[in-house]
Amino acid sequence: MNPQIFGWQHLTFLAIFIVISVISLYFIKRYAKSTKTQDIIVRCVGVLLFACILWNRISIAIRNGNALILIPDTFCGLSSLVLSLAVIFGKRNNNVLHFVLYVAFVGDLLTLCYPDFIGQNISFFYGATISGLLHHATGLYLCILLYLVHWFTPTYKKWPNLVIGFMAYITFGTFLIHVLNFGSAFYINSPILGGTPLTVWVIAPVFGVGYALYMVALELLRRRKKREKQVSFDQIIKIIKSEP
């Protein structure tokens, strides 16, 4: 029987991933205090992500007997590639992260919860299956790690990056479809799940609204913390001045 979504193989993989992630992130946050150490850890995870997405694309290309499929044609696949390169060669908080991290986080989280490719072979360790799960898991882990060690700081001021990045993905997808004859790419002409209307033209507006709500909530939280700090500082000054 082929592996199934929420079957024992899927749930075991998720459990192992969660345990490893929680433990390792705890120790990184507690002991990796220097910028140099954090950079080394981040870039090592970036290299691991690059290896996982490369393995995945090679596996899919072999399965389909088409070398062109080495080129990522999904948001998750391309985001894993771009994210890995952005941390391997880029600086902290570089502009690429202000698009790709959001796409990678949402895509990887949803895919790990609902990996529709998990039953493509009787073996859970079939190359295209296990590498697909690993590149999504590593991508999600890297997104959390970047935020945890302040390699990435979200801000509404970088919203144009999201628009530019989206346009770049859609342009690339159009090129794959009309020039390289891909049947589909980036859900431009087919839904993410068969039998649903969830093409990119539906997903993108929903994603945009979610992004806006997240930024509003984040900004309100930051302003609240800033006011609380100011109040605390003012109270200290008053106490000092009131002392005889």
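Computed from a predicted model, the values in this text were never measured in an experiment.

Draft legend 1. Up close: a nonpolar patch on the surface. A cluster of nonpolar side chains, contributed by Phe6, Leu11, Tyr114, Ile192, Leu193, Leu198, Val202 and Val206, occupies part of the molecular surface with about 680 Å² of accessible area. Following the sequence through the fold, Leu193 ends up in the loop between helix H6 (159-178) and helix H7 (200-242).

Draft legend 2. Here's a closer look at the packing of helix H3 (residues 75-89) against helix H5 (residues 127-148). With their axes 10 Å apart at the nearest point, H3 and H5 run at an angle of 45° to one another. In terms of axis orientation, H3 runs oblique to H5. Note that H3 runs across H5; the crossing there is left-handed. Facing Cys76, Gly77, Ser80, Leu83 and Val87 of H3, the residues of H5 in contact are His135, His136, Gly139, Leu142, Cys143 and Leu146. Residues belonging to the contact of H3 with H5 are distributed by class as follows: six nonpolar, five polar and no charged.

Draft legend 3. Broad picture of the side chain of Arg57. Structurally, Arg57 can be placed in helix H2 (residues 35-64). Ignoring sequence-local partners within four residues, the contact set of Arg57 consists of Ile69, Leu70, Ile71, Pro72 and Asp73.

What counts and what doesn't
Residues numbered from 1 in each chain as written. Predicted model: local features only at pLDDT ≥ 70, side-chain atom pairs only at ≥ 80, totals over all residues. Heavy atoms only, no water. Patch = residues over 30% accessible without salt bridge, like charges linked within 9 Å, V, L, I, M, F, W, Y side chains within 5 Å. Areas by Shrake-Rupley, 256 points an atom, 1.4 Å probe, with all protein chains shown as cover. Salt bridge = Lys/Arg side-chain N within 4 Å of Asp/Glu carboxyl O. Helix = DSSP H or I, 4+ residues; strand = E, 2+ residues; numbered from the N terminus. Axes fitted to C-alpha atoms, helices over the stretch in contact; angles between N-to-C directions. Parallel < 35°, antiparallel > 145°, perpendicular 65-115°, else oblique. Left-handed = near helix turned anticlockwise from the far one by under 90°. Contact = heavy atoms within 4.5 Å. Nonpolar A, V, L, I, M, F, W, Y, C, P; charged D, E, K, R; others polar.

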